[in-house]
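These are the residues of each chain, in order.
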Amino acid sequence: MIVRTPPMGWNSWNTFGRNIDEKLIMETADAFIENGLLEAGYNYLVIDDCWAEMQRDENGRLVPDHIKFPHGMKYVADYVHSKGLKFGMYSCAGSLTCAGYPASFEYEFIDAETFASWGVDYLKYDYCFRPMNQQGHALYKRMGLALANCGRDICFSACSWGVDRTNEWIKQTGAHLWRSTGDINDSWASVKQLLEKQTEYFTTNGQGCFNDMDMLIVGMHGKGNVAVAGCTDEEYRTHFSAWAFLGSPLMIGCDIRNMDEVTKSILLNKEIIAINQDGAYRQPFDCGNHWWAQDVKVWAKFLEGGDIAVGVFNLSDGPADPFFSFDTLGIDRVSGKALEIRDIWKGETLGVFKDVFRTEHIAAHTCKMYRCKVVDAK
Ligand code: GAL
């Protein structure tokens, strides 16, 4: 199975943690459709940790919690599929999951077969309780191979948080995406920290095995399993833009049954999603090293068909007036070329610019997302 663009969907962990059950999952599947999420490209519904009984059955198979999932997982998967969605589940490469449930160490092939028999399309695979004598790359290879041979296409989402130099071996394992950073929580500090860490991995990102910066916190507003301080709507917009720009999977973490209008307008912006899902999937690069303001990031990315995306992220606590010079984008002063620049969040094409573009004043923790078209300079 080849995955050409970053997966998009929803995961239960950020808001619900261990409080998951059949009813929640089925209502969430309905909410995907009612809110236009499926239409916008979000198609994976993923159940995270805490879905299983504490013991395997007499044949060594994982068993869904009888109280949370009384009809079993095939029933839930069938419902999710009936809505046109794909169904995801969670396990772990160690002996226990991070929350202490049975995990797949030494059960890789049997678990992959079990997931396939339930109709699972996506497996998030964590890294807790790794036996001391085992190496990460070997554990992920085992599950990667088991999934590739289970008879069903299953997207393999590795979650070893970037530790043990994951970036050096993860592409060997069959993973389609890999968590390049630690866990997110619902705060601006967490968004900023994960973004800064991600800059180390710009050159690792690539089609078929995407850097995963963790699930989105947009719309959580300080409620739920990973709640801390919460963010303002503008901070959520910056967070979403940056994850989209850097090509991270877009896995929603809020309660999609109860989204407010601002949350929907952020998560459903088609032009931002198009930058995330761009067919060329090029790596981002720095195009405006503001050495006097390290917290102001100006990044570019070439898009399919010749356009250029530029994202300006003011991570600092004060206002900024950044700019970018077109020669850093491959357009030198004698090229005869200019850029027609569209401000995506404004929904406005700003005009044609030569040599350099100075952004509007950008308030603390906010961002600008531009789509630039190469045109002849007049
Ligand atoms: C963490 C993982 C989280 C979540 C949690 C479940 O290791 O990074 O995203 O899956 O385990 O226990």
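Before any of the text, the structure's been laid out above.
Since this is a predicted model, take the numbers as computed values, not measurements. (Residues numbered from 1 in each chain as written. Predicted model: local features only at pLDDT ≥ 70, side-chain atom pairs only at ≥ 80, totals over all residues. Heavy atoms only, no water.)

Visitor: In this structure, what is going on with the site of the ligand? I would like to understand it.
Guide: Within the structure, the ligand sits among 13 residues, and Asp48, Asp49, Lys124, Asp126 and Asp183 are positioned closest to it. Asp126 has a polar side-chain atom sitting 2.8 Å from an oxygen atom of the ligand. In the environment of the ligand, an oxygen atom lies 3.1 Å from a nitrogen or oxygen atom belonging to the side chain of Trp161. The fraction of the free accessible surface of the ligand (310 Å²) that becomes covered by protein chains is 95%. Per-class residue counts for the shell around the ligand are seven nonpolar, no polar and six charged. (Near = heavy atom within 4 Å. Polar contact = N/O pair within 3.5 Å; in protein donor to acceptor, adjacent residues only side chain to side chain. Areas by Shrake-Rupley, 256 points an atom, 1.4 Å probe, with all protein chains shown as cover. Nonpolar A, V, L, I, M, F, W, Y, C, P; charged D, E, K, R; others polar.)

Visitor: Honestly, the pattern of salt bridges in this entry has me stumped. Any pointers?
Guide: If the charged atoms of two oppositely charged side chains come close together, the side chains can form a pair. In the structure shown here, the tally under the stated rule is 25 salt bridges. The residue Lys264 makes a salt bridge to Glu261 at a minimum N-O spacing of 3.4 Å. Linking Lys264 with Glu261, this pair stays in helix α10 (residues 261-267), spanning three residues, or about one helical turn. Between Lys368 and Glu360 there is a salt bridge, with the nearest N and O atoms lying 3.4 Å from each other. Residue Lys368 is classed as buried on the basis of its relative accessible area of 12%. By relative accessible area, Glu360 is classed as partly exposed at 38%. Taken together, the shared-partner salt bridges in this structure form one network comprising Lys23, Glu27, Asp255 and Arg257. (Salt bridge = Lys/Arg side-chain N within 4 Å of Asp/Glu carboxyl O. Helix = DSSP H or I, 4+ residues; strand = E, 2+ residues; numbered from the N terminus. Buried < 20%, exposed > 50% of the residue type's maximum accessible area, 1.4 Å probe, protein only.)

Visitor: Sorry if this is basic, but what is going on with the state of the cysteines here?
Guide: In total, this model carries one disulfide according to the counting rule given. Two residues share a disulfide in this structure: Cys98 and Cys128, whose sulfurs sit 2.1 Å from each other. On the S-S bond that ties Cys98 to Cys128, the torsion sits near 100 degrees, and the link is right-handed. With Cys98 in the loop between β3 (86-92) and α5 (108-118) and Cys128 in the loop between β4 (122-126) and α6 (136-148), this residue pair connects regions lying 30 residues apart in the sequence. Summary of cysteine pairing: Cys254 is not part of a disulfide, and the nearest cysteine sulfur, belonging to Cys231, is at 12 Å. Unpaired in this structure, Cys367 has its nearest cysteine sulfur neighbour in Cys231, at a distance of 13 Å. (Disulfide = S-S within 2.5 Å.)

Visitor: Which parts of the structure should I look at to understand the packing of helix α8 (residues 188-198) against helix α9 (residues 233-245)?
Guide: When two helices pack together, their arrangement is captured by the angle between the axes and the distance separating the axes. The contact between α8 and α9 brings their axes to 10 Å, and the two run at 20 degrees. When the axes of α8 and α9 are compared, the pair comes out roughly parallel. Note on packing geometry: the crossing formed by α8 with α9 is left-handed. Within the contact between the two elements, α8 uses Trp188, Val191, Leu194 and Leu195 and α9 uses Glu235, Thr238, His239, Ala242 and Trp243. Residue composition of the contact of α8 with α9, grouped by class: six nonpolar, two polar and one charged. (Axes fitted to C-alpha atoms, helices over the stretch in contact; angles between N-to-C directions. Parallel < 35°, antiparallel > 145°, perpendicular 65-115°, else oblique. Left-handed = near helix turned anticlockwise from the far one by under 90°. Contact = heavy atoms within 4.5 Å.)

Visitor: Just checking my understanding: could you explain α6 for this structure?
Guide: For α6, with 13 residues, the first-to-last C-alpha span of 18 Å sits near the 18 Å given by 1.5 Å per residue. On its buried face, α6 is in contact with α5, β4, β5 (155-158) and α7 (166-169). (Expected span 1.5 Å × (residues − 1).)

Visitor: Quick question: what am I supposed to make of the sheet that holds strand β2 (residues 44-46) here?
Guide: The sheet built from eight strands is open, its strands ordered β8-β6-β5-β4-β3-β2-β1-β10 with parallel pairing. Strand pairing shows two members of the sheet lacking a second neighbour, β8 (210-212) and β10 (250-252), which therefore form its edges. Adjacent strand axes in the sheet meet at a mean angle of 25 degrees, parallel and antiparallel pairs treated alike. Sheet analysis places β3 next to β4, joined by five bridges and oriented parallel. Paired with Gly88 across the two strands is Tyr122, which belongs to β4. The strands touched by helix α4 (residues 72-82) within the sheet are β2 and β3, with β3 carrying the most contacts at an inclination of about 140 degrees. (Pairing = 2+ DSSP bridges.)

Visitor: What is the right way to read empty space enclosed by the protein from this model?
Guide: To find the voids left in a structure, one rolls a probe of water-molecule size over its atoms. One pass over the structure, following the stated rule, counts two cavities of 30 Å³ or more. Estimates place the volume of the largest cavity at around 60 Å³. Lining the largest cavity are Asn11, Tyr122, Lys124, Ser157, Arg179, Asp212, Met215 and Met251. In this structure, the second largest cavity occupies an estimated 50 Å³ of space. Lining the second largest cavity we find Asp49, Cys50, Trp51, Ala52, Leu62, Tyr90, Ser91, Thr97, Tyr101 and Pro102. Here the lining of the second largest cavity is composed, by residue class, of seven nonpolar, two polar and one charged. (1 Å grid on protein atoms, 1.4 Å probe; cavity = no way out; pocket = protein on both sides within 12 Å on 5 of 7 lines; lining within 4 Å. Points joined across faces, edges and corners; volume = space filled by probe spheres on them.)

Visitor: Help me out: how do you make sense of the environment of Ala175 in this one?
Guide: Residue placement: Ala175 occurs in the loop between α7 and β6 (177-179). Taking the C-alpha atoms as reference, Ala175 lies 9.5 Å from Tyr125; in sequence the two are 50 residues apart. The contact partners of Ala175, leaving out residues within four places of it in the chain, are Phe156, Ala158, Ile170, Gly208 and Cys209.

Honestly, it's all geometry; don't read function into it.
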